[in-house]
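This is what each chain is made of:
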Amino acid sequence: MSGKVIVITSGKGGVGKTTSSANLGMALASRGKSVVLIDADFGLRNLDLLLGLENRVVYTILEVLDGECRLEQALVRDKRQPGLALLPAVQRRDKSAVTPEQMQELTGRLAEMFNYVLIDCPAGIEQGFRNAISGAHTAIVVTTPEVSAVRDADRVIGLLGAAGVGEPRLVINRYRPQLAQTNDLMSVDDVLEILAVKLLGVVPEDEQVITTTNRGEPIVLAASPPPAGQAFINIARRLEGEDVPLMEFKLPAGNGFIARLRALFTGR
């Protein structure tokens with residue numbers, strides 16, 4: 001087996017990169033793929049919380065690299081999706097505790113064991129970023145449709161290219177079509193024009209993402225996934241090579257005077 005090693009990165013913090021990692025990993029596992037999620041955010045471990053696996057962490061990536069345990073011992077298997085495993089980050093060490101060479105070796109070993117190796121990259125473009133991208137074949141860049149997030153994503157895309165990471169694909173997260181329509185937020189086309197990379201998916205703003213995240217249950221696990229959950233499922237399908245149309249966002253009917261007047265004359 002030689003799995004795909006994908007780093008999920010953003011540049012800016014707070015855009016939903018870890019949430020995207022958890023949901024994409026779970027969605028791919030639910031499709032019968034073997035997936036390992038690497039939490040590469042040393043010092044600020046959160047991926048275990050989002051997956052509801054925090055109480056089952058015994059060893060971390062650092063014990064593996066220091067030879068204190070076997071790789072298989074550090075992998076935390078998800079009981080809901082046995083094909084999904086987590087390699088946790090260490091909480092009490094800085095980002096220099098691991099080298100890019102060590103990450104390359106580790107991801108290479110994991111690629112022999114899993115169909116997908118998803119690396120949750122820390123925010124910023126310093127040592128932690130360089131570690132996380134070192135073993136990646138390709139990248140998913142996550143951004144929100146805000147100027148500061150898009151500018152940071154543009155910087156990251158340039159750094160990925162300079163590092164030789166394969167052509168990145170873009171996920172626009174927390175998209176609010178109502179604000180995009182009134183030009184209070186960048187539209188999908190605005191973001192794509194600036195970043196000039198292939199769009200992998202658009203995830204709408206959804207309060208249920210917060211509530212499910214707090215429970216350690218990725219939103220893709222919902223019996224009837226809401227739009228954000230379905231968007232992540234669709235992204236997983238596209239990663240698998242399926243041709244899945246982008247989700248259409250239906251805007252609510254306006255309730256202003258012009259909208260009421262239009263309804264009066266059109267009967268809608």
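Residues numbered from 1 in each chain as written. Predicted model: local features only at pLDDT ≥ 70, side-chain atom pairs only at ≥ 80, totals over all residues. Heavy atoms only, no water.

- If you check an unreviewed UniProt entry, the protein appears there as Septum site-determining protein MinD from Gloeobacter morelensis MG652769.
- The UniProt entry for the protein carries this comment under Sequence similarities (unreviewed entry): "Belongs to the ParA family. MinD subfamily."
- Among the UniProt annotations of the protein, the heading Function (unreviewed entry) holds the following wording: "ATPase required for the correct placement of the division site. Cell division inhibitors MinC and MinD act in concert to form an inhibitor capable of blocking formation of the polar Z ring septums. Rapidly oscillates between the poles of the cell to destabilize FtsZ filaments that have formed before they mature into polar Z rings." (UniProt positions renumbered as here; feature names shortened; annotations may be inferred.)

Remarks on the overall build of the protein
Consideration 1: A count of helical and extended segments in the protein gives 12 helices and 8 strands.
Consideration 2: Expected size for 268 residues packed as a compact globule is a radius of gyration near 18 Å; at 19 Å, the protein falls within 12% of this value.
Consideration 3: Oriented by its inertia axes, the alpha-carbon framework of the protein measures out at about 75 × 40 × 35 Å.
Consideration 4: Across the 268 residues that make up the protein, the buried fraction comes to 50%.
Consideration 5: Long-range contacts, defined as pairs at least 24 residues apart, comprise 76% of the intrachain contacts of the protein with a sequence gap of at least 6.
Consideration 6: Surface accessibility of the protein: about 12,900 Å² in total, with carbon and sulfur atoms responsible for 48%. (Helix = DSSP H or I, 4+ residues; strand = E, 2+ residues; numbered from the N terminus. Rg over C-alpha atoms; globule rule 2.2 N^0.38 Å. Buried < 20%, exposed > 50% of the residue type's maximum accessible area, 1.4 Å probe, protein only. Contact = heavy atoms within 4.5 Å. Areas by Shrake-Rupley, 256 points an atom, 1.4 Å probe, with all protein chains shown as cover.)

Quick look at the packing of helix H7 (residues 147-162) against helix H9 (residues 188-195)
Consideration 1: Relative to each other, H7 and H9 sit at 35 degrees, their axes nearing to 10 Å. Considering how the two elements wind past one another, H7 and H9 form a crossing that is right-handed. Taking contact as the criterion, the partners of Val150, Ala153, Asp154 and Ile157 in H7 are, on H9, Val191, Ile194 and Leu195.
Consideration 2: Here the contact of H7 with H9 is composed, by residue class, of 6 nonpolar, no polar and 1 charged. (Axes fitted to C-alpha atoms, helices over the stretch in contact; angles between N-to-C directions. Left-handed = near helix turned anticlockwise from the far one by under 90°. Nonpolar A, V, L, I, M, F, W, Y, C, P; charged D, E, K, R; others polar.)

Considerations on the nonpolar core
Consideration 1: Counting residues in hydrophobic clusters, the biggest one holds 51 residues, and the most contacted among them are Val7, Leu87, Leu110, Ile119 and Leu160.
Consideration 2: Examining the composition of this core, we find that 5 residues originate from one element, H7, more than from any other.
Consideration 3: By size, the runner-up hydrophobic cluster in this structure holds 36 residues, among which are Met26, Leu28, Leu84 and Ile235. (Core = buried A, V, L, I, M, F, W, Y, C linked by side-chain atoms within 4.5 Å.)

What about the sheet that holds strand S1 (residues 4-9)?
Consideration 1: Taken in spatial order, the 8 strands of this open sheet run S3-S4-S2-S5-S1-S6-S7-S8, and their pairing is mixed. Two strands in the sheet have a free side with no partner beyond their single neighbour: strand S3 (76-77) and strand S8 (198-204).
Consideration 2: Summarising the sheet, S3 and strand S4 (residues 84-87) pair through 2 bridges and their orientation is antiparallel. The residue bridging Arg77 from the neighbouring strand is Ala85, located in S4.
Consideration 3: The strands touched by helix H1 (residues 17-30) within the sheet are S1, strand S2 (35-39), S4, strand S5 (116-120) and strand S6 (138-143), with S5 carrying the most contacts at an inclination of about 165 degrees.
Consideration 4: Across the face of the sheet, helix H5 (residues 100-111) comes into contact with S1, S2, S4 and S5 while running at roughly 145 degrees to S5. (Pairing = 2+ DSSP bridges.)

Looking at the side chain of Ser34
Consideration 1: Note on placement: Ser34 falls in the loop between H1 and S2.
Consideration 2: Judged by relative accessible area, Ser34 falls into the buried class, the value being 16%.
Consideration 3: A polar side-chain atom of Ser34 sits 2.8 Å from the main-chain amide nitrogen of Asn115. (Polar contact = N/O pair within 3.5 Å; in protein donor to acceptor, adjacent residues only side chain to side chain.)

What about the environment of Phe42?
Consideration 1: Turning to its location among the elements, Phe42 is positioned in the loop between S2 and helix H2 (47-50).
Consideration 2: Sequence separation of Phe42 and Val156 is 114 residues, and the distance between their C-alpha atoms is 19 Å.

So, the environment of Glu126
Consideration 1: Examined against the element boundaries, Glu126 turns out to sit in the loop between S5 and helix H6 (127-133).
Consideration 2: Separated by 115 residues in sequence, Glu126 and Gly11 place their C-alpha atoms 9.7 Å apart.

A closer look at helix H10 (residues 207-214)
Consideration 1: The opening residue of H10 is Asp206, an N-cap whose side-chain oxygen sits 2.9 Å from the backbone nitrogen of Gln208.
Consideration 2: Following H10 by one or two positions, Gly216 adopts a phi angle in the positive range, close to 70 degrees.

Observations concerning the pairing of S2
Two faces belong to every sheet, and in a regular strand the side chains alternate between them.
Consideration 1: Counting buried positions along S2 gives 5 out of 5 residues, so the element sits mostly inside the fold.
Consideration 2: Alternating residues of S2 divide into Val35, Leu37 and Asp39 and Val36 and Ile38, and every residue in both groups is buried.
Consideration 3: Strand direction decides the pairing type here: S2 and S4, joined by 4 bridges, are parallel. Note on S4: the bridge partner recorded for Leu37 is Leu86.
Consideration 4: Of the strand pairs in this sheet, S2 and S5 are connected by 5 bridges, and their pairing is parallel.

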